[in-house]
Amino acid sequence: MRYIEGVSRKRKIVFPEYLDDYIAQDNPVRVIEAFVDSLDLKELGFVRAVPADRGRPGYNPADMLKLFMYGYMNKITSSRTLEREVSRNIELIWLLRKLKPDYRTIAEFRRQNKEAIQNVFHQMIALYKEWDLFGKEVVAIDGSKFRASNSKKNNLNKKSLDRRIKYINEKLNEYMSKLDENDSEEIDSRTPDKEEIRERIRELSNRKKTYQDYNDKLENEGINEISTVDKDARLMSVNNNGVDVCYNVQTSVDNKNCLIVDYDVINNPSDQGQLYKMSKKSMAALGVDNIKVLADKGYYNTEDLKACEEENIETYVSKQVFSNATGNREFYSDRFIYNKEEDVYICPAGHKLSCTRKGPVGDRTKRLRYTNSSACKACEFKDLCTKGNRGRHITRDVNQDFLDIVNKRTEENKELYKTRQMIVEHPFGTIKRGWGLTHFLTRGLDSVKTETSLAFSAYNMLRAINILGTKEIIKRLKGNSFFFNLFRLHINNNWMINAL
Ligand code: SF4
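Residues numbered from 1 in each chain as written. Predicted model: local features only at pLDDT ≥ 70, side-chain atom pairs only at ≥ 80, totals over all residues.

**Thoughts on the overall build of the chain**
A count of helices and strands for the chain gives 19 helices and 13 strands. Against the 2.2 N^0.38 benchmark of 23 Å for 500 residues, the chain shows a C-alpha radius of gyration of 30 Å, more extended than a compact globule. Seen along its three principal axes, the alpha-carbon backbone of the chain occupies a region of about 100 × 85 × 65 Å. Within the chain, the proportion of its 500 residues that are buried is 31%. (Helix = DSSP H or I, 4+ residues; strand = E, 2+ residues; numbered from the N terminus. Rg over C-alpha atoms; globule rule 2.2 N^0.38 Å. Buried ≥ 20, exposed ≤ 12 C-beta atoms within 10 Å, placed from the backbone.)

Given below as structure tokens:
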């Protein structure tokens, strides 16, 4: 028996092989090449898209963009790893024609071309629209938390700052008293001498000053927290009831092929208030004037839902069900039935709760309050229903009649609504669990948007390869490229106008 043998390293090759021979015709790396070559990098805003007349030649931004596209499609995102790969990865050697930029050049390209890289994503969307890859009827919107380049230790709020200042004060007092101790006292070898103590006092005083400045900043700017490494990142809830310093990445995904239509990155942990904005962005990207939008209950916001309705955006959003203080499911707010004729709620015990506060409870909540304290006092279910001494109250949004329409629509289209998770989980599942891209390498909102753009462009490109195949995409990209460019330029201008 024998094993399959490799080729001898000393064997002479009569006819030298081409580098191109190592890359199969249907290798996805050829799609990257064709896609980037079809772009008008100057129009997209890339720095040095036109080579300088004088001086040392720099790298072509097309080559650098190809490198990043390849990196994100192959889970290689750091500039140092990309630097290593350009020397040993045959696909990259082919793609870059043996160019070997160092990690500083690679990182600098990403830093200098933030907006242009984001434009590439939109250019790809315009192209996919021409290829009919979007259904343009239904999009699912969702948000996911990606860890920022900022540890929890470097995220400070008033409480943690006060705790640190208190600790420093205690240490300073301790060192001061050591200094005051009898000079003549024998000091063993492990005890810091006076100069060392003074040095520690100086260092602690500097730290205290920094923390006090942070405290002032919190107060002056009316903010709750400061991230000292990535100033834009915020503490957010993540899976399994944990918290981490993150960004909230918003996505809208078309239901036809689970392709990402548009995205945004925010530093607010809540999805509230994002529904209308993301829906409008999706409509502009798809070039449609009406759309169905699926979103989870985190997006349930009256103002947003109303704004969507006014702009032909048909929303399917799960409503918020508020539990009661006792946690008994039988007495949740959704068990209270509203009677429109009498303007009362009928509670599970059959009593009527009438409106006891006619005006909205403040501008923020815009809710009416319904109570029946006398019935509650004598109710045998009181302990199961509420913990309040004065009985149970139910609040009603002043726009509840409108919200009921949205609720009814969502309820009557359960099958459509159920597809939401499948649609939106496809990109997040692939990028976070499949590729392991759960955290950002760069800092600042603008930079993390660029990273997101690269990851989402890579996802969309791989999806298109799965749907159409490598050869078909290359054929489409190479054929009629002049007219594609004209078309995409037109679409891009429209997209920008609509987005404004
Ligand atoms: S406590 Fe009040 S609201 Fe609750 S079931 Fe009894 S009567 Fe109804």
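**Focus on the environment of Asp244**
In this structure, Asp244 sits in strand S5 (residues 243-254). Taking the number of C-beta atoms within 10 Å as the measure of exposure, Asp244 has 20 and is therefore buried. As for Asp244 and Gln123, which are separated by 121 residues in sequence, their C-alpha atoms are 33 Å apart. Setting aside anything within four residues of it in sequence, one finds Asp244 in contact with Arg147, Lys152, Met236 and Val238. (Contact = placed C-beta atoms within 7 Å.)

**Some details on the pairing of strand S12 (residues 367-371)**
For strand S11 (residues 352-357) and S12, the ladder comprises three bridges, and the chain directions are antiparallel. Bridging across to S12, Arg357 finds its partner in Arg369. Bridge count between S12 and strand S13 (residues 393-397): five bridges; the pairing is antiparallel. By the bridge assignment, Tyr370 is partnered in S13 with Ile394. (Pairing = 2+ DSSP bridges.)

**Considering the pairing of S5**
Burial analysis of S5 places ten of its twelve residues in the buried class, the great majority of the element. Relative to S5, strand S1 (residues 138-147) is paired through nine bridges, and the arrangement is antiparallel. Paired with Ala140 across the strands is Val253, a residue of S5. Sheet topology note: the strand S4 (residues 234-237)/S5 ladder contains four bridges and is antiparallel. Paired with Ser237 across the strands is Val243, a residue of S5. Counted along the chain from S5 to the antiparallel partner strand S6 (residues 260-266), the turn is five residues long, and its residue Cys258 has a positive phi close to 55 degrees.

**Here's the deal with the nonpolar core**
Within the largest apolar cluster, 85 residues are counted, with the highest numbers of intra-cluster contacts made by Met69, Tyr247, Val253, Val261 and Val293. The biggest single contributor to this core is helix H7 (residues 114-130), with nine residues. Contacts of Tyr247, omitting those with residues within four sequence positions, involve Phe146, Ala148, Ala233, Val265, Asn267, Phe440 and Val448. Tyr345, Cys347, Tyr370 and Ile394 belong to the second largest nonpolar core, which has five residues in total. (Core = buried A, V, L, I, M, F, W, Y, C linked by C-beta atoms within 7 Å.)

**Looking at the packing of helix H1 (residues 28-37) against helix H18 (residues 470-478)**
Viewed as axis vectors pointing N to C, H1 and H18 meet at an angle of 15 degrees, and their least axial separation amounts to 9 Å. Taken as axis vectors, H1 and H18 run roughly parallel relative to one another. Two packed elements cross with a definite hand, and for H1 against H18 that hand is left-handed. On H18, the residues touching Pro28, Arg30, Val31, Ala34 and Phe35 of H1 are Thr470, Ile473, Ile474, Leu477 and Lys478. Here the contact of H1 with H18 is built from residues that sort into seven nonpolar, one polar and two charged. (Axes fitted to C-alpha atoms, helices over the stretch in contact; angles between N-to-C directions. Parallel < 35°, antiparallel > 145°, perpendicular 65-115°, else oblique. Left-handed = near helix turned anticlockwise from the far one by under 90°. Nonpolar A, V, L, I, M, F, W, Y, C, P; charged D, E, K, R; others polar.)

**Quick look at helix H11 (residues 302-310)**
All buried positions along H11 are accounted for by Asp304, Leu305 and Cys308. The buried residues of H11 occupy one face: seen down the axis, they fall within an arc of 95 degrees. Looking at the buried residues of H11, the elements they touch are helix H10 (275-286), strand S7 (291-295), strand S8 (313-317) and helix H15 (400-412). Just downstream of H11, Asn312 is the residue with a positive phi angle, here 60 degrees. (Arc of directions from axis to C-beta.)

**Regarding helix H16 (residues 414-434)**
Between its first and last C-alpha atoms H16 spans 29 Å; for 21 residues at 1.5 Å apiece the expected length is 30 Å, and the two agree. At Glu425, H16 is deflected by roughly 40 degrees, the largest bend along its length, and proline Pro427 occurs up to four residues later in sequence. Taken residue by residue, H16 has Arg420, Ile423, Val424, Pro427 and Ile431 as its buried positions. On its buried side, H16 packs onto S1, S5, S6, S7 and helix H17 (445-468). At the C-terminal side of H16, Gly436 shows a positive phi close to 75 degrees. (Expected span 1.5 Å × (residues − 1). Bend = angle between axes of the 7 residues up to and from the residue.)

**Considerations on the site of the ligand**
As a matter of local geometry, the ligand sits amid 13 residues, with Cys347, Ala349, Cys376, Cys379 and Cys385 nearest to it. Looking at the shell around the ligand residue by residue, the classes come out as eight nonpolar, three polar and two charged. (Near = placed C-beta within 6 Å.)

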